[in-house]
Amino acid sequence: MAWRKIACSKTELDLGVTLICGQSFRWKETAPGEWTGVLKNLVWNLKQSDDLLFYKTLEESPAASSDLTQEDILKDYFQLHVNLSKLYEQWSSDDPNFKSKASSFRGVRILRQDPVENLFSFICSSNNNISRISGMVERMCEEFGTSLGEYEGLHHYSFPSIESLAKGSVEQKLRKLGFGYRAKYINQSARFIMENHSEHWLHNLRKLPYNEAKSELMKLCGVGAKVADCVCLMSLDKNDVVPVDTHVWQIAQKYLPSLRSSKTITPQVYNAVGNHFRELWGEYAGWAHSVSLHRIVYNF
DNA sequence: AATGGACCTCT
DNA sequence: GAGGTCCAT
């Protein structure tokens, strides 16, 4: 199948960074400058030039998956309607640190992910690192997802349904797959959602204001403030949310000396840090956070 | 409301 | 000890 293309500047989207920086854990660089992953139950291949985004899929969109064209699916996933260059200008003028340390890392965007994949992937993220999380998510999809076919020797699977993660045997199976104590969190959260809500409940949280969506998420086992914020930002359209991890906290302490007295991230500290960056960076603060705080990048 | 320890597995 | 959460003080 031939490559198709969308006009898209590399300064608006840097595929390599955006796909593997710890938002989604399912994209692989299958050839230099070429990434393969699953989106909307299709296997995609992506690459880019300075001003074009190229894509192809293993199959045409199944009829069931609707009126969205593949171009629409990608535009939505990468949120291409958001003018990133303009945001970089705003963050640079509002924050000298952003300007000097982060503004040259162009094209880092927040993906608009599926809330189910986003939630269950991030339940895996506690005390963990990107490469191990990626392996865990892959094994979870292989075990509980459905096959989407083979592409260049690699098998691909859908992300498991909540229903499939709610079954009784899931915790034990996940433990065998190396999930450790997170196995229970995943199974219990899935079960809680199926018993109290439905498969679509997570999607519908998009309609709620940030605070309500967050507190709903935090009722789930294994979902604290940080994971809930990641889900709000990365799949529930809460663009101004800044998830506070230990790294963000360390940096914030340099700007908010009052926080230094605290030994750990208490709820109060958590909110103070989040609010600080939200006020500093504005409506798309969570996006600025993804640019500045991606490990390698920000070294104050 | 804040603190300390435990939790799986891997580095 | 780790990009976090839970549970007990």
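Residues numbered from 1 in each chain as written. Chains lettered and ligands numbered in written order. Predicted model: local features only at pLDDT ≥ 70, side-chain atom pairs only at ≥ 80, totals over all residues. Heavy atoms only, no water.

Where an unreviewed UniProt entry is consulted, chain A appears under the name N-glycosylase/DNA lyase, with the organism given as Capitella teleta. According to the UniProt record, the Catalytic activity (unreviewed entry) comment for chain A reads "2'-deoxyribonucleotide-(2'-deoxyribose 5'-phosphate)-2'-deoxyribonucleotide-DNA = a 3'-end 2'-deoxyribonucleotide-(2,3-dehydro-2,3-deoxyribose 5'-phosphate)-DNA + a 5'-end 5'-phospho-2'-deoxyribonucleoside-DNA + H(+)". On record in UniProt, under Subcellular location (unreviewed entry), the comment for chain A is "Nucleus". (UniProt positions renumbered as here; feature names shortened; annotations may be inferred.)

**Notes on the overall build of chain A**
From N to C terminus, chain A includes 15 helices and 7 strands. In terms of overall dimensions, chain A is globule-like: its C-alpha atoms have a radius of gyration of 19 Å, near the 19 Å expected for 300 residues. Across its three principal axes, chain A shows a C-alpha extent of roughly 55 × 45 × 30 Å. Looking at chain A as a whole, 51% of its 300 residues are labelled buried. Long-range contacts, defined here as pairs at least 24 residues apart, represent 65% of the contacts in chain A between residues at least 6 apart. When the accessible surface of chain A is totalled, it reaches about 14100 Å², and 50% of it is carbon and sulfur. Positive and negative side-chain charges in chain A, numbering 35 and 34 respectively, have mean positions lying 6 Å apart. (Helix = DSSP H or I, 4+ residues; strand = E, 2+ residues; numbered from the N terminus. Rg over C-alpha atoms; globule rule 2.2 N^0.38 Å. Buried < 20%, exposed > 50% of the residue type's maximum accessible area, 1.4 Å probe, protein only. Contact = heavy atoms within 4.5 Å. Areas by Shrake-Rupley, 256 points an atom, 1.4 Å probe, with all protein chains shown as cover. Lys, Arg positive; Asp, Glu negative; His and termini not counted. Charge placed at Lys NZ, Arg CZ, Asp CG, Glu CD.)

**A few points about the protein's contact with DNA strand B**
Near DNA strand B lie 13 residues; those nearest to it are R132, R175, Y181, R182 and Q268. Here, DNA strand B places atoms within 4 Å of the protein, and 76% of those atoms are sugar or phosphate. In the model, a sugar or linking oxygen of DNA strand B is placed 3.2 Å from a nitrogen or oxygen of the R132 side chain. Looking at the surface near DNA strand B residue by residue, the classes come out as 2 nonpolar, 7 polar and 4 charged. (Near = heavy atom within 4 Å. Polar contact = N/O pair within 3.5 Å; in protein donor to acceptor, adjacent residues only side chain to side chain. Nonpolar A, V, L, I, M, F, W, Y, C, P; charged D, E, K, R; others polar.)

**A few points about the state of the cysteines**
Two cysteines joined by a covalent bond between their sulfur atoms form a disulfide. Tallied over the entire structure, the rule returns 0 disulfides. A disulfide-free cysteine, C221 has its sulfur positioned 13 Å from the sulfur of C124, the nearest such atom. (Disulfide = S-S within 2.5 Å.)

**Digging into the domain arrangement of chain A**
Taken as a whole, chain A is organised into domain 1 (4-81) and domain 2 (112-238). With centres defined by C-alpha atoms, the gap from domain 1 to domain 2 works out at 21 Å. Of all residues in domain 1, the largest losses of buried area upon contact with domain 2 belong to F25, R26 and L58, amounting jointly to 36% of the total for that side. Between R112 and D76 there is a salt bridge, with the nearest N and O atoms lying 3.0 Å from each other. For the interface between domain 1 and domain 2, the tally reads 6 residue pairs in polar contact (both at pLDDT 80 or more). (Domains from an automatic or database assignment. Buried area = accessible area lost by both parts, 1.4 Å probe. Salt bridge = Lys/Arg side-chain N within 4 Å of Asp/Glu carboxyl O.)

**Points about the packing of helix 5 (residues 115-123) against helix 9 (residues 182-196)**
Axis separation between helix 5 and helix 9 bottoms out at 9 Å; the angle between their running directions is 150°. Contact residues: L119, F120 and I123 in helix 5; R182, Y185, I186, S189, A190 and I193 in helix 9. Of the residues in the contact of helix 5 with helix 9, the class split is 7 nonpolar, 1 polar and 1 charged. (Axes fitted to C-alpha atoms, helices over the stretch in contact; angles between N-to-C directions.)

**Some details on the sheet that holds strand 5 (residues 52-57)**
The strand order across the open sheet formed by 5 strands is 1-5-4-3-2, and the pairing between neighbours is antiparallel. The two strands at the open ends of the sheet, each matched to only one other strand, are strand 1 (4-7) and strand 2 (28-31). For this sheet, the mean inter-axis angle between neighbouring strands, taken without regard to orientation, is 35°. Sheet topology note: the strand 1/strand 5 ladder contains 4 bridges and is antiparallel. Pairing of K5 across the sheet is with F54, part of strand 5. (Pairing = 2+ DSSP bridges.)

**Some thoughts on the nonpolar core**
Formed by 70 residues in total, the largest nonpolar core has its most connected members in W91, F120 and L217. Residues in contact with W91, not counting those within four places in the same chain, are L84, F98, W281, Y284, W287, A288 and V291. (Core = buried A, V, L, I, M, F, W, Y, C linked by side-chain atoms within 4.5 Å.)

**Examining unusual backbone geometry**
Positive phi is not limited to glycine here, since N127 has a value of about 50°. Of note, N127 is situated in the loop between helix 5 and helix 6 (130-144). Judged by relative accessible area, which is 71%, N127 ranks as exposed.

**So, the side chain of K238**
Tracing the chain through its elements places K238 in the loop between helix 12 (225-235) and helix 13 (246-255). Buried and without a salt bridge, K238 has D237 as its closest oppositely charged side chain, separated by 6.3 Å.

**With respect to the packing of aromatic side chains**
In total, this model carries 10 aromatic pairs according to the counting rule given. Between W91 and F98, the aromatic rings sit 5.5 Å apart at their centres with planes inclined by 65°, giving edge-to-face as the arrangement. Using a relative accessible area of 0% as the deciding quantity, one classes F98 as buried. Each member of the aromatic cluster is reached from another via a ring pair, and the members are W27, Y77 and F78. Sitting over the ring of F54, K47 keeps its end group 5.6 Å from the ring centre. The ring centre of Y181 lies 4.4 Å from the NZ or CZ of R182, which sits over that ring. (Phe/Tyr/Trp six-rings, centres within 6.5 Å; stacked < 30°, edge-to-face > 60°. Lys NZ or Arg CZ within 6 Å of the ring centre and 35° of its normal.)

**As for the pairing of strand 2**
Here strand 2 runs beside strand 3 (residues 34-39); their pairing, made up of 3 bridges, is antiparallel. In the sheet register, E29 faces strand 3, and the bridge partner there is W35. The loop that links strand 2 with its antiparallel partner strand 3 comprises 2 residues; one of these, G33, has a positive phi angle of about 75°.

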